[in-house]
Amino acid sequence: MGGPLLSNTASDTVFRPLAGPEELGLFQQLSYVLDHEVEDDLTTGRRTPQWMWVALRGDRVLARVSWWTRTKGEAPQALDFFDVDDALPAAERHEIGLRLLETATAAVVPEGTERPEYGRFLPGDWREDPAAREVVETRLNIMAASGATPLVERLRLEWRPGTPLAEPSTRLRFRPATDREELISLMALVVEGSLDEHTREELLTMTPRQSAELMYEEEFETFTTPREWWRIAELEEGGEPVGFVIPARNSYNPVIAYLGVLPAHRGRGYIDDILAEGTRVLAEQDVPRIRAATDLPNVPMANAFARAGYVVFERAINMVWK
């Protein structure tokens, strides 16, 4: 199950994966905002005990780490849990956290393959709150010591029932996407000049078309909600495509999964009309919330969400190994 147990004789710390789902309580001695999702992730196969490691001193968990995948049976796609006991002295936190991270990674990530991206959700004011800042920087510094570098910080946004919806657009008309090819063709145009850092990284090694196909296959195709929700925006006069929006429900929440305005039509405020349509599609399903995210440097998108009544409830940071 993932490799040999390692023990630090100086501190009598054992590094090992969970023996099975029955050890979930052990894993949750430490806490993080995604704890409530783990039980269902184990049931559905998005997470496995072999991917969930702890550093133990007796029965006390000193650190923990876990990977996640979107679909059962696939390789781990993201490193989304990494915590250390903040009651430990700083140097010990760092040493134990780094050893757990490297030991577990060697067992979970196949040799010669790229390490999955690390992502962590953060309080919206984490830089201004000294206690929150120490928690965040402790974890990011351990990641950096393992060779990870920051990719991007993101805003996590939420629309809540009761928030006013904009009136339907008088400039644009909306229809469902015709098929996969139409949507990928529009996406390929949108990703050129994108302010999204993940997309910009992809474009260093692939064409806009390849980037669009990858996003469609890895994310859009996994949604089980109706494809009729996906909207193509066209000019009311002439019918020329302006952009599109992908309202859906992922494994956890209703989301605005993607929104794009074609380069030829940027700068005219169409982003507001398109976002309002996507929000309306989900709001009509009587959802408890709508989630979205955008990169911190993508100011036009962040401003559009703010105008539409979305509020920042968290941030997220992503780090990668290159």
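A brief report on the enclosed structure follows. Fair warning: this is a prediction, and the values are worked out from it, not measured in the lab. Counting of residues starts from 1 at the beginning of each chain's written sequence and follows it residue by residue. Only residues with pLDDT of at least 70 get local features here, since the model is predicted, and only at 80 or more are side-chain atom pairs given and counted; chain-wide, interface and lining totals rely on the full set of residues. Side-chain calculation: all heavy atoms of the structure are included, whereas hydrogens and water are not.

**Re the overall build of the protein chain**
Link 1 in the chain: Secondary structure is summarised from DSSP: a helix means a run of H or I of at least four residues, a strand means a run of E of at least two, and numbering begins at the N terminus for each. Along its length, the protein chain carries 9 helices and 13 strands.
Link 2 in the chain: Radius of gyration here is computed from C-alpha atoms only, and the compact-globule reference equals 2.2 Å multiplied by the residue count raised to the power 0.38. Here the C-alpha atoms of the protein chain give a radius of gyration of 21 Å, agreeing with the 20 Å that 2.2 N^0.38 yields for 322 residues.
Link 3 in the chain: Viewed in the frame of its principal axes, the protein chain has a C-alpha envelope of about 75 × 40 × 35 Å.
Link 4 in the chain: The long-range fraction of contacts in the protein chain, counting pairs at least 24 apart against all pairs at least 6 apart in sequence, stands at 70%.
Link 5 in the chain: Each accessible area value is a Shrake-Rupley result obtained with a 1.4 Å probe; residue values ignore everything except the protein chains displayed when judging cover. Total accessible area on the protein chain stands at roughly 15000 Å², and carbon and sulfur atoms take up 52% of it.
Link 6 in the chain: Charged side chains of the protein chain number 35 positive and 53 negative; the gap between the two group centres comes to 2 Å. We call two residues in contact whenever any of their non-hydrogen atoms come within 4.5 Å of each other. Counted as positive: Lys and Arg. Counted as negative: Asp and Glu. His and the chain ends are not counted at all. To locate a charge, take NZ of a lysine, CZ of an arginine, CG of an aspartate or CD of a glutamate.

**Structural notes on the environment of Arg 231**
Link 1 in the chain: Residue position: Arg 231 is located in strand S9 (residues 231-235).
Link 2 in the chain: For the pair formed by Arg 231 and Arg 173, sequence separation is 58 residues and the distance between their alpha carbons is 9.5 Å.
Link 3 in the chain: Setting aside its immediate chain neighbours within four residues, Arg 231 contacts Phe 174, Arg 175, Pro 176, Gly 243, Phe 244, Val 245, Glu 277 and Val 281.
Link 4 in the chain: In terms of polar contacts, Arg 231 uses its side chain to reach the side chain of Glu 277, at 3.1 Å. Pairing of N or O atoms within 3.5 Å defines a polar contact, subject to two protein rules: one partner must be a possible hydrogen donor and the other a possible acceptor, and residues neighboring in sequence count only if both atoms are side-chain atoms.

**Considering unusual backbone geometry**
Link 1 in the chain: The backbone of Asp 286 sits at a positive phi, close to 60°, despite the residue not being glycine.
Link 2 in the chain: Here Asp 286 lies in the loop between helix H8 (270-283) and strand S12 (290-295).
Link 3 in the chain: Residue Asp 286 is classed as exposed on the basis of its relative accessible area, which comes to 70%. When accessible area is computed with a 1.4 Å probe and restricted to protein chains, residues below 20% of their type maximum are described as buried, those above 50% as exposed, and intermediate ones as partly exposed.

**Brief notes about the layout of surface pockets**
Link 1 in the chain: Cavity means a closed set of points on a 1 Å grid over the protein atoms alone, one where a 1.4 Å probe fits but cannot get out, pocket means an open set with protein on both sides within 12 Å along at least 5 of 7 lines, and lining means a residue has an atom within 4 Å of a point. Grid points are joined across faces, edges and corners, and a volume is the space filled by probe spheres set on the points. Within this model, the second largest pocket holds a volume of roughly 190 Å³.
Link 2 in the chain: The wall of the second largest pocket is formed by 17 residues, among which Leu 165, Ala 166, Asp 272, Ala 276 and Ala 308 lie closest to the centre.
Link 3 in the chain: Those elements that provide at least two residues to the lining of the second largest pocket are H8 and helix H9 (299-307).
Link 4 in the chain: Taken together, the residues of the lining of the second largest pocket sort by class into 9 nonpolar, 2 polar and 6 charged. In this classification, the charged set is Asp, Glu, Lys and Arg, the nonpolar set is Ala, Val, Leu, Ile, Met, Phe, Trp, Tyr, Cys and Pro, and all remaining amino acids, among them Gly, are polar.

**Looking at H9**
Link 1 in the chain: Regarding H9, the residues found buried are Met 301, Ala 302, Ala 304 and Phe 305. Down the axis of H9, the buried side of the element spans an arc of 160°, and every buried residue falls inside it. Along H9, exposed side chains directed more than 90 degrees from the buried face belong to Ala 306 and Arg 307.
Link 2 in the chain: On its buried face, H9 sits against strand S7 (148-159), strand S11 (254-261), H8 and S12.
Link 3 in the chain: Among the residues trailing H9, Gly 309 stands out with phi positive, at a value near 95°. The reported arc concerns the directions from the helix axis to the C-beta atoms and nothing else.

**Focus: the pairing of strand S3 (residues 52-57)**
Link 1 in the chain: Across the 6 residues of S3, 5 count as buried, placing the element largely inside the fold.
Link 2 in the chain: Here 4 bridges tie strand S2 (residues 13-17) to S3, and the two strands are oriented antiparallel to one another. By the bridge assignment, Arg 16 is partnered in S3 with Val 54.
Link 3 in the chain: Where S3 folds back on strand S4 (residues 60-68), the antiparallel hairpin that results is connected by 2 residues, among which Gly 58 adopts a positive phi of roughly 65°. Here, strands pair whenever DSSP counts at least two bridges between them.

**Things to note about empty space enclosed by the protein**
Link 1 in the chain: Counted by the stated rule, this structure contains 1 cavity of 30 Å³ or more.
Link 2 in the chain: One number sums up the size of the largest cavity: a volume of about 30 Å³.
Link 3 in the chain: Among the residues forming the lining of the largest cavity, the class breakdown is 5 nonpolar, 1 polar and 1 charged.

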